[in-house]
Amino acid sequence: SQTIHQWPATLVQPVGSPLSLECTVEGTSNPNLYWYRQAAGRGLQLLFYSVGIGQISSEVPQNLSASRPQDRQFILSSKKLLLSDSGFYLCAWSRGTRRGFGYTFGSGTRLTVV
Amino acid sequence: SQQGEEDPQALSIQEGENATMNCSYKTSINNLQWYRQNSGRGLVHLILIRSNEREKHSGRLRVTLDTSKKSSSLLITASRAADTASYFCATDNQAGTALIFGKGTTLSVSS
């Protein structure tokens, strides 16, 4: 069966510090991968998606970047965090929604920038 | 850009009652999906309905889709306290490459 791992679960970082959040998927190959951010009490904002190794699409230009160094690994990074980067970050994978597949989400990372 | 919009934003009911949540979207879709999120957790996929389907059932869940009105509804029958969560609808973005989620409906079921 397929599983998705996301870590850390909670993170408190000072403004200006770097960020690295990792997401890995097991039990499938060539998944579509996604990073979303959820502000408190709000919906999900799509940040990045990837359909293959090294292929990253950015939905919202901001202080974050993403990389996919391996087929089942998706990393969200920042060189210098801003207060506005605080939020709940969710990684997800899918075989493709147009093909009728839903998303499987990780358990999320709660990031607080102080 | 937001595609789906859920209504109501919040819903409080008693156990045993039915809960109905609505979703409206703006552009044509291939399918529409509903997800559930327990507080502080990731989202869980509940059900997917294709654009050529009008109704779909899964256990106590019933989803309808009206493409002429660009709307969908999620009905949870015989609600339980464990159904307390936020519920989101999601549709493809215009490029068909990712899902766009609404802001969700927060359901509270009291015993």
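Source: prediction; values computed, not measured. (Residues numbered from 1 in each chain as written. Chains lettered and ligands numbered in written order. Predicted model: local features only at pLDDT ≥ 70, side-chain atom pairs only at ≥ 80, totals over all residues. Heavy atoms only, no water.)

1. Thoughts on the packing of aromatic side chains
Test applied: Only Phe, Tyr and Trp rings are paired, with Trp represented by its six-membered ring, and only when their centres lie within 6.5 Å; those with planes under 30 degrees apart are stacked, over 60 edge-to-face, the remainder tilted. Every helix listed is a DSSP run of H or I at least four residues long, and every strand listed is a run of E at least two residues long, numbered separately from the N terminus. Think of it in three bands: residues with accessible area under 20% of the maximum for their type are buried, residues over 50% are exposed, and the middle band is partly exposed, with areas taken using a 1.4 Å probe on protein chains only.
A complete count under the given rule lists ten aromatic pairs over all chains for this structure. Measuring from centroid to centroid gives 6.2 Å for A:Tyr36 and A:Tyr103, while their planes differ by 55°, and the two rings are tilted. With A:Tyr36 in strand S4 (residues 32-38) and A:Tyr103 in the loop between strand S9 (87-94) and strand S10 (104-105), the pair connects residues that are 67 residues apart, well separated along the chain. The buried category is assigned to A:Tyr36, whose relative accessible area is 0%. Judged by relative accessible area, which is 2%, A:Tyr103 ranks as buried. Each residue in the set A:Tyr34, A:Tyr36, A:Tyr103, A:Phe105, B:Tyr35 and B:Phe101 is aromatic and connected to the rest through ring pairs, giving one cluster.

2. A closer look at the interface of chain A and chain B
What counts is decided by this rule: Contacts were defined at the residue level, with two residues in contact if any of their heavy atoms lie within 4.5 Å. The quantity reported as buried area is the accessible area (1.4 Å probe) lost by two parts once they are put together, taken as the sum for both. Any pair of N or O atoms that falls within 3.5 Å is considered a polar contact. Within protein, one atom must be able to donate a hydrogen and the other to accept it, and sequence-neighbouring residues count only if both atoms are side-chain atoms.
With 22 residues of chain A in contact, the opposing surface of chain B contributes 25 residues. Taken together, both faces of the contact between chain A and chain B bury some 1,700 Å²; the carbon and sulfur share is 51%. At the surface where chain A touches chain B, the tally comes to five residue pairs in polar contact (both at pLDDT 80 or more). Broken down by secondary-structure element, the contributors of at least two residues to the side of chain A that touches chain B are S4, strand S5 (44-52) and S9 of chain A.

3. Re the layout of surface pockets
Spelled out, the test is: Every definition here rests on a 1 Å grid over the protein atoms only: cavities are sets of points where a 1.4 Å probe fits but cannot get out, pockets are open sets enclosed by protein on both sides within 12 Å along at least five of seven lines, and lining residues have some atom within 4 Å of a point. Grid points are joined across faces, edges and corners, and a volume is the space filled by probe spheres set on the points. Ten residues, namely Ala, Val, Leu, Ile, Met, Phe, Trp, Tyr, Cys and Pro, are considered nonpolar, four, namely Asp, Glu, Lys and Arg, are considered charged, and the remaining ones, Gly among them, are considered polar.
Empty space within the second largest pocket amounts to approximately 390 Å³. Lining the second largest pocket are 21 residues, and of these A:Gln38, A:Gly41, A:Arg42, B:Ser86 and B:Thr106 sit closest to its centre. Looking at the lining of the second largest pocket, the elements with two or more residues in it are strand S1 (5-7), strand S9 (85-92) and strand S11 (105-110) of chain B. A class-by-class count of the residues in the lining of the second largest pocket yields five nonpolar, eleven polar and five charged.

4. Let's talk about the sheet that holds strand S6 (residues 55-58) of chain B
Residues and elements named next belong to chain B. Basically, it comes down to this: Only strands joined by at least two bridges in the DSSP assignment are considered to pair. For helices, the fitted axis covers only the stretch in contact; all axes are lines through C-alpha atoms, and the angles between them, taken along N-to-C directions, range from 0 to 180 degrees.
Here we have five strands laid out as an open sheet, ordered S1-S3-S8-S7-S6, and antiparallel in their pairing. In the strand order of this sheet, the two ends are held by S1 and S6, each with one partner. For this sheet, the mean angle separating the axes of adjacent strands, direction not counted, is 20°. As judged from the six bridges shared by strand S7 (residues 61-66) and strand S8 (residues 71-76), these two strands associate in the antiparallel manner. Following the sheet pairing, Thr64 is matched in S8 by Ser73.

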